[in-house]
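# Descriptive analysis of the structure
Spelled out from the first residue to the last, the chains are:
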Amino acid sequence: GAKTFLLRLAVLAQDYPQAINDHVIAVKLNCLMRLGEQAMASQLRMERIADGSLNAAFYADEAQARLSANDAQGALQILDLAQKRLGSNDVTAAIRSSALQSSGQADAAGAVRMEKINGGSLNPIYFNDEAKSRLRAGNTQGALTILDLAAQRRCCDDHTDAIRADVLSQLGQLEAASIL
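Note that the structure is a prediction, hence the values are computed from the model and not measured. (Residues numbered from 1 in each chain as written. Predicted model: local features only at pLDDT ≥ 70, side-chain atom pairs only at ≥ 80, totals over all residues. Heavy atoms only, no water.)

A negative phi holds for most residues other than glycine; trans holds for most peptide bonds. With a phi angle near 65°, Asn70 is a residue other than glycine that sits in the positive phi range. Structurally, the position occupied by Asn70 is in the loop between α4 (56-68) and α5 (72-86). Assessed through its relative accessible area of 74%, Asn70 is described here as exposed. (Helix = DSSP H or I, 4+ residues; strand = E, 2+ residues; numbered from the N terminus. Buried < 20%, exposed > 50% of the residue type's maximum accessible area, 1.4 Å probe, protein only.)

Structure, rendered in structure tokens:
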């Protein structure tokens, strides 16, 4: 797996340095993460970011790593830099909404998600995260409305179905929930 890839990559980098592009480096960093080398992966991502890389994967992966380490503010700083240099994409917007949510900015997180949903997105992560947020806030009908919209747009996944089952259970519709 990851260790074998890194060993082969080291040889390739010596023999064919021109073959090592941003995509290859992003894969290398993912391998380092799988091997528990988070600090090294972060350092290498930050070097690429500091060098002005325009590869969204470096920003998204660093923001996600910081968010996973409970550093929502650090994740938002990286995402702000990505926004400035690259704009936003579905991955960075989803990470941004998660970082905002985890830093206690539920309204701002919801605004990011709803902007994507209202813009016609078919990415289930926005629907799932918005439904979960509404459910956590005790707004079961609001959660169901978002899930219904996802179903109408035909962009549900297994997570959407699981969230729907939770909502239906909370609404006392246990038979309907058990079917999902």
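Back to the text.
Our next topic: the environment of Gly74. Residue placement: Gly74 occurs in helix α5. It is 7.2 Å that separates the C-alpha atoms of Gly74 and Ala63, two residues lying 11 residues apart in sequence.

This part takes up the pattern of salt bridges. Inspection of the entire model under this criterion finds 9 salt bridges. Linking Arg48 and Asp22 is a salt bridge whose minimum nitrogen-to-oxygen distance equals 2.3 Å. With Arg48 in helix α3 (residues 38-50) and Asp22 in helix α2 (residues 22-34), the pair connects residues that are 26 residues apart, well separated along the chain. Relative accessible area serves as the criterion here: at 28%, Arg48 is assigned to the partly exposed category. Note on Asp22: relative accessible area 22%, which makes it partly exposed. Between Lys116 and Asp90 there is a salt bridge whose closest N-O contact spans 3.9 Å. Taken as a pair, Lys116 in helix α7 (residues 106-118) and Asp90 in helix α6 (residues 90-102) lie far apart in primary sequence, 26 residues in all. Of the residues examined, Lys116 reaches a relative accessible area of 24% and is grouped as partly exposed. One connected set of salt bridges, linked through shared partners, spans Arg45, Glu62 and Arg66. (Salt bridge = Lys/Arg side-chain N within 4 Å of Asp/Glu carboxyl O.)

Further remarks concern the nonpolar core. Leu29 and Val167 are the most contacted members of the largest nonpolar core, which totals 43 residues. If one sorts the elements of this core by residue count, α5 sits on top with 6 residues. (Core = buried A, V, L, I, M, F, W, Y, C linked by side-chain atoms within 4.5 Å.)

Another aspect to go through is the packing of α2 against α4. Between α2 and α4, the least distance of the axes is 10 Å, while the angle of their chain directions is 20°. Overall, the two elements α2 and α4 adopt an arrangement that is roughly parallel. Considering the relative orientation of α2 and α4, their crossing is left-handed. On the side of α2, the interface is formed by Asp22, Ile25, Ala26, Leu29, Asn30 and Met33, while α4 contributes Ala57, Phe58, Asp61 and Ala65. Of the residues assigned to the contact of α2 with α4, the class counts are 7 nonpolar, 1 polar and 2 charged. (Axes fitted to C-alpha atoms, helices over the stretch in contact; angles between N-to-C directions. Parallel < 35°, antiparallel > 145°, perpendicular 65-115°, else oblique. Left-handed = near helix turned anticlockwise from the far one by under 90°. Contact = heavy atoms within 4.5 Å. Nonpolar A, V, L, I, M, F, W, Y, C, P; charged D, E, K, R; others polar.)

Attention now goes to the environment of Met114. On the secondary structure map, Met114 appears in helix α7. It is 7.7 Å that separates the C-alpha atoms of Met114 and Glu130, two residues lying 16 residues apart in sequence. Setting aside residues up to four positions removed in sequence, Met114 forms contacts with Gly119, Glu130, Arg134 and Ile146.

The next thing to look at is helix α1 (residues 2-15). Here α1 spans 20 Å end to end across 14 residues, near enough to the 20 Å set by a 1.5 Å rise per residue. For α1, the full list of buried residues reads Ala2, Leu6 and Leu9. Seen along its axis, α1 keeps its buried residues to an arc of 60°; they face one direction. Projecting away from the buried face of α1 at angles above 90 degrees are the exposed residues Lys3, Leu7, Arg8 and Gln14. The inward-facing, buried residues of α1 contact α2. (Expected span 1.5 Å × (residues − 1). Arc of directions from axis to C-beta.)

Note that Arg164 resides in helix α10 (residues 158-170). The class for Arg164 is buried, based on a relative accessible area of 15%. Within the structure, the side chain of Arg164 is placed 3.0 Å from the side chain of Asp148, a separation counted as a polar contact. (Polar contact = N/O pair within 3.5 Å; in protein donor to acceptor, adjacent residues only side chain to side chain.)

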